[in-house]
Amino acid sequence: MLPNLKVENLSCVRSEKAIFENLNFDVFPGQNIEIIGSNGSGKTTLLRAILGLIRPENGTIRWLDDDNNFNEYRTYDCFYQGHQLGIKNLLTVFENLNLTHNAKGLKKEKIYKCLERVGLSNINDLASSLSVGQRKRISIARWLLKDFKIYFIDEPFSALDDEATNLIERLIIELNTEGCSFVMTGHRPSQVNASRIEI
Amino acid sequence: MSNSIFGWLTIILRRDLLIAFRRSATYITPLIFFLIVVTFFPLALGPQESLLSSLAPGVIWIATLLASLLAVESIFSEDFRDGTLDNFFISLEPSFVLVFAKVLIHWLITGLPIMAASIIAAIVLYLPFDSFLPILLSLILGTSFMSLLGALGAALSLGKSAILSAIIVLPFSIPTLLMGTSVITSSINSQDYFGFLMIMGAMLAIGIPLLCLLTVEALLLNYD
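Presented here is an overview of the structure given in this document. Only a predicted model underlies this, so the values are computations on that prediction, with no experimental measurement involved. (Residues numbered from 1 in each chain as written. Chains lettered and ligands numbered in written order. Predicted model: local features only at pLDDT ≥ 70, side-chain atom pairs only at ≥ 80, totals over all residues. Heavy atoms only, no water.)

1. Notes on the overall build of chain B
Part 1 of the reasoning: Each helix and strand in chain B was counted, giving ten helices and zero strands.
Part 2 of the reasoning: Walking chain B from its N terminus toward its C terminus, one meets helices and strands in the order α-α-α-α-α-α-α-α-α-α.
Part 3 of the reasoning: Here the C-alpha atoms of chain B give a radius of gyration of 18 Å, agreeing with the 17 Å that 2.2 N^0.38 yields for 224 residues.
Part 4 of the reasoning: Judged by the C-alpha coordinates and their principal axes, chain B covers about 55 × 30 × 30 Å.
Part 5 of the reasoning: Looking at the 224 residues of chain B, the share that counts as buried comes to 51%.
Part 6 of the reasoning: Across chain B, contacts joining residues at least 24 apart in sequence account for 80% of those joining residues at least 6 apart.
Part 7 of the reasoning: Surface accessibility of chain B: about 9,800 Å² in total, with carbon and sulfur atoms responsible for 74%. (Helix = DSSP H or I, 4+ residues; strand = E, 2+ residues; numbered from the N terminus. Rg over C-alpha atoms; globule rule 2.2 N^0.38 Å. Buried < 20%, exposed > 50% of the residue type's maximum accessible area, 1.4 Å probe, protein only. Contact = heavy atoms within 4.5 Å. Areas by Shrake-Rupley, 256 points an atom, 1.4 Å probe, with all protein chains shown as cover.)

2. Points about the sheet that holds strand β6 (residues 79–81) of chain A
Residue and element names in this part refer to chain A.
Part 1 of the reasoning: Spatially, five strands are ordered β6-β7-β8-β3-β9 in an open sheet, and the strand pairing comes out parallel. Here the strands that pair on one side only, and so sit at the sheet edges, are β6 and β9 (195–198). Strand-to-strand, the axes of this sheet are offset by a mean angle of 15°, without reference to chain direction.
Part 2 of the reasoning: In this sheet, strand β8 (residues 181–186) lies alongside strand β3 (residues 32–36) in parallel orientation, the contact comprising five bridges. When the sheet's bridge partners are listed, Ile 36 is paired in β8 with Gly 186.
Part 3 of the reasoning: Along the sheet face, helix α5 (residues 162–177) touches β3, β7 (150–153) and β8 and points at about 150° away from the line of β8. (Pairing = 2+ DSSP bridges. Axes fitted to C-alpha atoms, helices over the stretch in contact; angles between N-to-C directions.)

3. A short note on the sheet that holds strand β5 (residues 70–71) of chain A
Residues and elements named next belong to chain A.
Part 1 of the reasoning: Taken in spatial order, the four strands make up an open sheet running β2-β1-β4-β5, and their pairing is antiparallel. Looking at the sheet topology across the chains shown, the edges are occupied by β2 (17–27) and β5.
Part 2 of the reasoning: Strand direction decides the pairing type here: strand β4 (residues 58–64) and β5, joined by two bridges, are antiparallel. Bridged to Leu 64 within β5 is Phe 70.

Shown next as structure tokens:
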């Protein structure tokens, strides 16, 4: 089986300081990678470098295309969730899902189903009235809008209660069985079955 | 592909217009500011018809430029702060469409209300009825170009002081100011103003692709 993503000798330098050097890993379908490191160790920078938001100093990032060739450009959508959840306070729970670019062309029923799977029933409430945990659930519902090959999630388990943590772990397992991969960051190893890289 | 781009454009427009209408200050503030500036002139100078009508082109256009800059900082700032912008750039859709949608929204919430208010301004400043159409035409082209410039200024000053975007944009708005005032002055003097309108149209036609692409690059600079 070929990996969906190959990261080779990736190095990133900011203000003449090496954030990470010579990182190598592959992301296979259904596999999870967990990047472990302390605050400021470059976990977010690594995710952003892979996704092309930041230019790395050295190394290559190659994506598998439909013809089983590796390219430096991506031909499919990935999901990225950074520290900020992208939740709009002046939109309702439903609108926060329905008016994202990943919901393009989706039927309302699909949106309702995604919200139901993460346990959100107050779909007409403004996001400004929600708790931090409920806002996080909206962002988790966005994972389910489409079948993404790879999910890049920055610290998915931070500031969550046990119920939400279990929900994420369950969803990751479900999506893994569908062939989706996760590249996650964290301060310490999570309960999820993953290959771990320390930076 | 074109359906996909249109679908994306529609989602951005629907989302941002909904947010703008729920946060009424976004479109009311530039409108009120424009009307206050314009009505202060008759109050300060007195109701002298000839003086006010001779000053009117400059007054309308300076008020328009300043009012349209009020909402410039907010074009990208919220999306940048809450991570929405990251997802736009990571998606496979062209970033040009995002910037174009943002410019269009800025124009709809600032340029369009100002155009409506410009008729009140024309009446307050004793402009003849014949000049209403040229005022509206010059404002359509001029405010659209200002929204494009504003987006570039907002992208360059993202995460920095709001006044910085105004300082970046204002010097580049001088051609718009000159052409806009020339259109109104020519119409008041019953002269041909189509040449000025055509220059403004050409500026807009070049500005849409060029300034949108520059804005995309300026936004990406914020990640490095």
